[in-house]
Each structure stands twice: as C-alpha cells, then as structure tokens.
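# A closer look at the structure
Here's the letter readout for the chains.
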Amino acid sequence: MKRNLILFSLLLFITVGFAQSKPKKADRLYAEFAYVDAAKEYEKYLEKEKEPGIGTIANVANAYYYTGNTADALRWYAKLDGVTAGAMDDVTFNRYVQSLRAEGKAAKADELLKKRLEAKGDQAAINTLISQKKYLDSLNKAPSNFKVSNLAANSDKSDFGAAFYGNQIVYSSSKDTNLGNKVYAWNDQPFLELYVADRNAADGSFFNDKKFIPDQQSQYHNATLTFSSDLKTIYYSANVVKKNDKLINDKAGTNNFEIIKGTVNGDKLTDVEKLPFNSKDYSVGHPSLSADGKRLYFASDMPGGYGDTDIYVAEVFANGKVGEPKNLGPKINTSGREMFPFVNDSILYFSSDGHYGMGGLDVFESRWVNDSDYSEPKNLGAQVNSVKDDFSFIIDKGNKYGYFSSNRAGGKGDDDIYYFTRQEPPCEQWVSGKVTNQKYKMAINQADIKVYDQYGDVIATAKTGEDGSYKVKVPCGSKIKVEASKENHTKADKELATSKKNGEETKDVNFELSNYADLVRKEDNVEKVDINPIYFDYDKYAITEQASMELDKVVYVMKNFPSIVIKIESHTDSRGKDQYNLVLSQNRAKATYDYIITRGIDPSRIESVKGYGETRLRNKCSNGVKCTEEQHSYNRRSDFIIVKK
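What counts and what doesn't
Residues numbered from 1 in each chain as written. Predicted model: local features only at pLDDT ≥ 70, side-chain atom pairs only at ≥ 80, totals over all residues. Heavy atoms only, no water. Helix = DSSP H or I, 4+ residues; strand = E, 2+ residues; numbered from the N terminus. Buried < 20%, exposed > 50% of the residue type's maximum accessible area, 1.4 Å probe, protein only. Contact = heavy atoms within 4.5 Å. Areas by Shrake-Rupley, 256 points an atom, 1.4 Å probe, with all protein chains shown as cover. Expected span 1.5 Å × (residues − 1). Arc of directions from axis to C-beta. Disulfide = S-S within 2.5 Å. Pairing = 2+ DSSP bridges. Axes fitted to C-alpha atoms, helices over the stretch in contact; angles between N-to-C directions. Phe/Tyr/Trp six-rings, centres within 6.5 Å; stacked < 30°, edge-to-face > 60°. Lys NZ or Arg CZ within 6 Å of the ring centre and 35° of its normal. Salt bridge = Lys/Arg side-chain N within 4 Å of Asp/Glu carboxyl O. Polar contact = N/O pair within 3.5 Å; in protein donor to acceptor, adjacent residues only side chain to side chain. pLDDT = per-residue confidence, 0-100.

## Describing the overall build of the chain
Scanning the chain from terminus to terminus reveals 12 helices and 36 strands. Structurally, the chain occupies a C-alpha span of about 135 × 60 × 40 Å along its principal axes. Residue burial in the chain is summarised as follows: out of 645 residues, 51% are buried. Counted over contacts in the chain with a minimum sequence separation of 6, partners at least 24 positions apart contribute 56%. In the form shown here, the chain has an accessible surface area of approximately 30,700 Å², with 49% of it arising from carbon and sulfur atoms.

Right under this line is the structure:
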C-alpha cells in the first residue's frame, strides 16, 4: 500500500527545519513524505557513502516500504538488521518481516520472528504465534471459501475502501487527474475523493460512477466511510483542516486525519461536525458503525496505544453524541498496525500486520464476546489475503459476498477493489467407534463403515483399522444411519441424529459382527445354522418363548446373508406311535417355517419343510430300547440345513 492515509500521519507540502546532514535533500524529501523521490536521492548518496548512519539506512528502507517496493526495502532492512545486530525496534523489525513475506521468504521471516520472541522471553506471544501459524497453515491447505475477482471499474490509481450504501457502493479513489494538477507527494497521485456507484448484484461490478457529495469534500483526502442503517448518517475520514480548507498541522508539521460526521440529504451533507476526540496531534480514521448504530469502531495512533495504530470503539448515544474512545485491548491490537475495522453482527473484521499473516496487512476476524473481550483473531487465509497489503474488508449481512482492497500483484493500479463471494464452510461432525467380533470380542480389521442419510443415500464411508476403530465425517443437523459390515460377516447398523454444532464428535458408536463360520456348524457333511435345540411343549407344536429365541438366530443369519437358502427338517424321538410322531414333526417343522416367514424372510429361500418323525434317529434309542432322557433328547431336534450360500 502506497498511501500515507493507511500509515496515518501525513505531511502535505509543508516546510520544516532539519538538522544538517550529508543526505540533506533525501532527508528533506523523506520528511515531506515524498518517498519515491527520497529513495532515489538516498540511493545516490549511498552509492558513494561506504559507512552510512543507521538513521539513513532505516530511512531508505522505510521509503521503499512505504511505496510498496518491498524488494528494495528488504535489501536495506537486511543491512540494518546486520549493523544493529538484530536490535531493531519492534516497528522497524515488523516492516522487515513483512518485506520478507512479500518477497516470498516466509520461512526466513518465521525464523527471525521466533528468535526475537525467544530472546524476549515472551511466552504469551510465542503461544499466540504457534496458534495463529498452525491455524493459517491448516486453512491454506484446505480449499478456500472465497472466490475473488478484480473489478473492471478499478483505475490505474488508488481505488479502495468500499462501503455499502443501500443498493449502491461508495468508495475512495484518486482517479480524477483534473484537480488543478494537485498531487500527493507520497505517491505522486491525485488526492482521494469519494465516489458512489450502482452495484450489479449478479457479479458485484460497479457502474454509473459519480462523485459522492461533491460539494462537501475537502480538496485533500476524503476516504474510508460508514453509514447508519437508515443511510442518513455518515462518518468518513479526511485531513484535519480549517473551515477555509487549509491544513492544520501538529508541531512537527505533520497533518493528521480526523473523522467527520454528517447527515446525507441527496448530494448534500448537512449537520456536519467533527468528533470530539479528533486532534491535530494524532490521526483517527477508518470508521465503522455497528448495525444497531450504538458502537463506532475506528483506528487511531493516539497516545496510549499498543503499536503503530490501534482499533478503538466509542459508544454512540441516543442523541447522536459519541462517547470516549476505548482501546480494544491486546488481544486485537499489537505493536504493529491494526486498521480498517468492519463489524457485521458479532464479528469484527480488521486488517493487521502485527498478527501472524501471509505478508503486509492481512484481514482477520474476531468474535465479539462482550464489551471487554474478543475471541482470538483468525486469518481469513488465501484468496482474501496475499503477501501484499489486504484491507478494507466488508461483507453483507448474510455473509455471502463483499469487497476488500489490495495492492497485490496482478492488479490494475496502486490499490484495487476486489469483489468476493463466500461459501460458508460446511458444518461437519465426526462419528467414531469400534467394530469387534461378537463371539470372541476381538477387533475386526478392514470392516466397511457406511453412513446413509434419511433418504437412504450413502454420504460417507470408512474402513476400520487394525484395532477395529473408525472415524467418519458426517453433516451437522441430520438424521443418519451408520452401518458396519464385512464380507462373510453379519451387518449391524445404528440410527442417530447429529447436532448443529460444527466439529463435535459422537463417540462409541460401536458394532459387533459375527463371522459366518461362527454362526454355522458342520454335521453329517452339511452346514447347519448353529442353534440350541428347539423345545416344544409335550404333544404340541406351538412356538414357545425358548423356540422363538432360537428361531430368531436363524432369521438373523438369513437376513445378514441374503443369498442363503435353507431346508427345514424336524425330528422326534422314538417314544409314541410312529405315524403320530411323523405328523407331529411335520407340524413342528411347519410352525418353524411360519415363524421365519412372518419375520420377513422370502418363502423362496426355504427349499423344503419336512417332518421325519422318528425315521432318522441318531442313536440306538429306537422302539423298545431303554434309553435315558438325555439320549432321547439327542434325537429330538430341528435342523436348518444350508443348501445354498
């Protein structure tokens, strides 16, 4: 970013006295913020001077940094780091780090930052760095939620600072070159003016641009503004001037920024007033009003802050008066620059080069907890942020689209306005558990986990590990069915409903499966469903409670192995008349068949149903042979023989 508006303190064509020094012309240009020309003069001087002073090295590095030439800035910051043995002040060191990032040397920047924090012994700052770096690294590995495009309306000058104005957009630009050849020495561009444009809702583009409240703007900078929800009240940043539009400077000859408040009436601004905490001795700017109009956020370099510029908030009373500023504190503000606040519901967006970022100013978001606390700022990641300055972020109430500004590579001018659309990351949760063998309680490796939505569609899959565990990602706020299966095993499933909280985990959704081999036994060279003997009441064939428990095992096997076909055989012992036993066994076989069919098994999967009475005894206990009850019970049986699998 090449505008002093962003770095706040301004000196506009004023003359002050300087101590005599060798690079006299360069120092004068530097003091006047004419950094492009100052850098050229310093380079001329430094070509001849072999041992320049620390102040001169810092000035040439800063001159390049302020005009966005981070490559040459880095060259001189590196030299400054060497001659000061790493003892640069925090502000200059931060510029060095940001220049490294801008030139693709993020690893070197991280290395220097870690060493500096360790040397200071600042464990709190180290913990913050670790947390923010981990979050940003993770964020940038995932697909971005933002889709970004440059606007055709951008000029080859500075265009930035968009603000919503109903269905229109108001923004700042220095594109008007017909201002009586009056330019800003910092970057040799015309001063910033406010423009209003219609907004194409389909692609975010601007059209029908014209100057906003043209008769009310000063002849110097007018930028970064906010409106009340009824669009009647405006707050905007401007140079500190007198009523005759003459600059008011501090003792050092620096002109600062202030916030102007007014009422919008068509193309006019009425009830114009300056905020009570404006001062010629420091800057306040970048105003942003909360949706309810009760809080005004802004940036300032007023005394008592934490760094270059901090973000403050002031209460706006029912009568329209603005209260005393309150610093947002060290969780938001750092030793660097915090600027361009924007509030949307309970989310504060702002730009910072003090929090861990990709380079230059990055856009961060933080949730407002209460009047005195905010959540840890989170970087918005790539697309919105780059290795250059990214700032002036705004987003609609639905969090779907918005604008930000950047001087990143590939733009059309000094700073450009970018349009973005945002897709909220999907709300996702986890379901985890373990799959084990029902009989032996051992883990089942490589079992298949499938998750079905309420329509029966598979929405997620996983496989268990060697320990039988699994973990699968599922959507929030949905009814799902989790199923576990494996070849030659039974299936099992459970239904559950997920909450609406992102990142939660439902644990211990466990399953027990049975191996096919655990459910059958081999007997007489055939496979049979392995069940306990089925007992009927004497001389009856109604299904008892005990019989139903055993028959349910048969149903379980047939449902889990849908290709199985069985035949049912029922047998009695030799006691009783032969013909009677034959009929009794047939009735019992038929009763078991009916039970299985009523449990949902297709009749075609039962090949035959037959009672054999006492014709197929398994021991010597035929008619007239004296046997024990146990020996007779061995012949009294029902078999479910697998004929196809």
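## A few points about helix H7 (residues 106-120)
Between its first and last C-alpha atoms H7 spans 21 Å; for 15 residues at 1.5 Å apiece the expected length is 21 Å, and the two agree. Restricting attention to buried positions, one finds in H7 the residues Ala-109, Asp-110, Leu-112, Leu-113, Arg-116 and Leu-117. Buried residues of H7, viewed axially, fall in a sector of 165°; they line one side. Exposed and facing more than 90 degrees away from the buried side of H7 are Ala-107, Glu-118 and Ala-119. Looking at the buried residues of H7, the elements they touch are helix H6 (90-102) and helix H8 (123-141). Gly-121, located one to two residues past H7, shows a positive phi value of around 70°.

## So, the state of the cysteines
Enumeration over the complete set of coordinates arrives at 2 disulfides. There is a disulfide in this structure between Cys-427 and Cys-476, and the S-S distance comes to 2.0 Å. Torsion about the S-S bond of the Cys-427 and Cys-476 cystine: about -80°, corresponding to left-handed handedness. Taken together, the residues Cys-427 in the loop between strand E23 (416-422) and strand E24 (428-437) and Cys-476 in the loop between strand E27 (469-475) and strand E28 (479-485) connect sequence positions 49 residues apart. The exposure class assigned to Cys-476 is buried, which follows from its relative accessible area of 14%. Shown here is the disulfide that connects Cys-621 with Cys-627, its sulfur atoms set 2.0 Å apart. What sets the handedness of the Cys-621 and Cys-627 disulfide is the S-S torsion sign, and at about -105° it is left-handed.

## A word on the pairing of strand E33 (residues 526-529)
Pairing of strand E32 (residues 520-523) with E33, which is carried by 4 bridges, proceeds in the antiparallel orientation. Along E33, the bridge assignment pairs Val-520 with Val-529.

## Some points on the pairing of strand E8 (residues 222-227)
The buried fraction of E8 amounts to 6 of the 6 residues, a majority that puts the element mostly inside the structure. With 5 bridges connecting them, E8 and strand E9 (residues 233-239) associate as antiparallel partners. Residue pairing across strands places Asn-222 opposite Ala-238, the latter belonging to E9. Hairpin remark: E8 followed by E9, antiparallel, with 5 residues in the connecting loop; positive phi at Leu-231, about 65°.

## Comments concerning the sheet that holds E28
An order of E26-E25-E28-E29 is seen for the 4 strands of this open sheet, with the pairing classed as antiparallel. At either end of the open sheet lies a strand with only one pairing partner, and these are strand E26 (458-463) and strand E29 (492-497). Direction aside, the axes of adjacent strands within the sheet are offset by 20° on average. One ladder, built from 5 bridges, connects strand E25 (residues 448-452) with E26; its direction is antiparallel. Pairing of Tyr-452 across the sheet is with Val-458, part of E26.

## Examining the packing of aromatic side chains
Enumeration over the complete set of coordinates arrives at 29 aromatic pairs. Here Tyr-77 and Tyr-96 contribute two aromatic rings whose centre-to-centre distance is 6.4 Å and whose plane-to-plane angle is 40°, an arrangement assigned as tilted. Remark: Tyr-96 occurs in helix H6 and Tyr-77 occurs in helix H5 (residues 70-83); sequence separation between them is 19 residues. With 5.5 Å between their ring centres and 10° between their planes, Phe-404 and Tyr-418 make a pair best called stacked. Here Tyr-418 lies in strand E23 and Phe-404 lies in strand E22 (residues 401-406), a separation of 14 residues in the sequence. Looking at Phe-404, the relative accessible area reads 0%, which means it is buried. Put simply, the rings of Tyr-30, Tyr-35, Tyr-42, Tyr-65, Tyr-66, Tyr-77 and Tyr-96 pair up and form one aromatic cluster. Across the ring face of Tyr-195, the terminal group of Lys-175 is positioned such that the distance to the ring centre comes to 4.5 Å. Above the face of the Tyr-452 ring, Lys-481 is positioned so that its terminal group lies 5.1 Å from the ring centre.

## Quick notes on the pattern of salt bridges
According to the stated counting rule, one finds 41 salt bridges in the structure shown. Between Asp-389 and Arg-337 there is a salt bridge, and its shortest N-O distance comes to 3.8 Å. Here Asp-389 is found in the loop between strand E20 (378-379) and strand E21 (390-395), whereas its partner Arg-337 is found in the loop between strand E15 (326-327) and strand E16 (338-344), with 52 residues between them in sequence. Considered together, Asp-389 and Arg-337 belong to a single accessibility category, that of buried residues. Among the charged side chains, a network of salt bridges with common partners joins Arg-521, Glu-523, Lys-528, Asp-530, Arg-618, Arg-637 and Asp-639.

## Side note on unusual backbone geometry
Residues other than glycine seldom take positive phi values, yet Ser-392 does so here, at roughly 55°. Look at Ser-392 and you get buried, because its relative accessible area is 8%. Non-glycine residue Asp-508 carries a positive phi angle of around 60°. Of the residues examined, Asp-508 reaches a relative accessible area of 61% and is grouped as exposed.

## Side note on the environment of Asn-150
Within the fold, Asn-150 resides in strand E1 (residues 146-150). Residue classification places Asn-150 among the partly exposed positions, given a relative accessible area of 26%. In the structure, Asn-150 is positioned 393 residues away from Ile-543 in sequence and 78 Å away in space, judged by C-alpha atoms. A distance of 2.8 Å separates the side chain of Asn-150 from the side chain of Asn-154, its partner in a polar contact. A polar contact of 2.9 Å, which involves the side chain of Asn-150, links it to the side chain of Asp-416.

## Quick look at the confidence of the model for the chain
For the chain, per-residue confidence averages 89 on the pLDDT scale, and residues scoring 70 or more make up 94% of the total. Ignoring residues within four places in sequence, the model shows residues 1-21, a span with pLDDT below 50, making 96 contacts including any to other chains.

## Concerning the environment of Ile-54
Summarising the element assignment, Ile-54 is placed in helix H4 (residues 54-66). Residue Ile-54 is classed as partly exposed on the basis of its relative accessible area of 48%. Here the alpha-carbon distance between Ile-54 and Leu-80, two residues 26 residues apart in the chain, equals 6.9 Å. For Ile-54, the residues in contact, after removing those within four places along its chain, are Leu-80, Val-83 and Thr-84.

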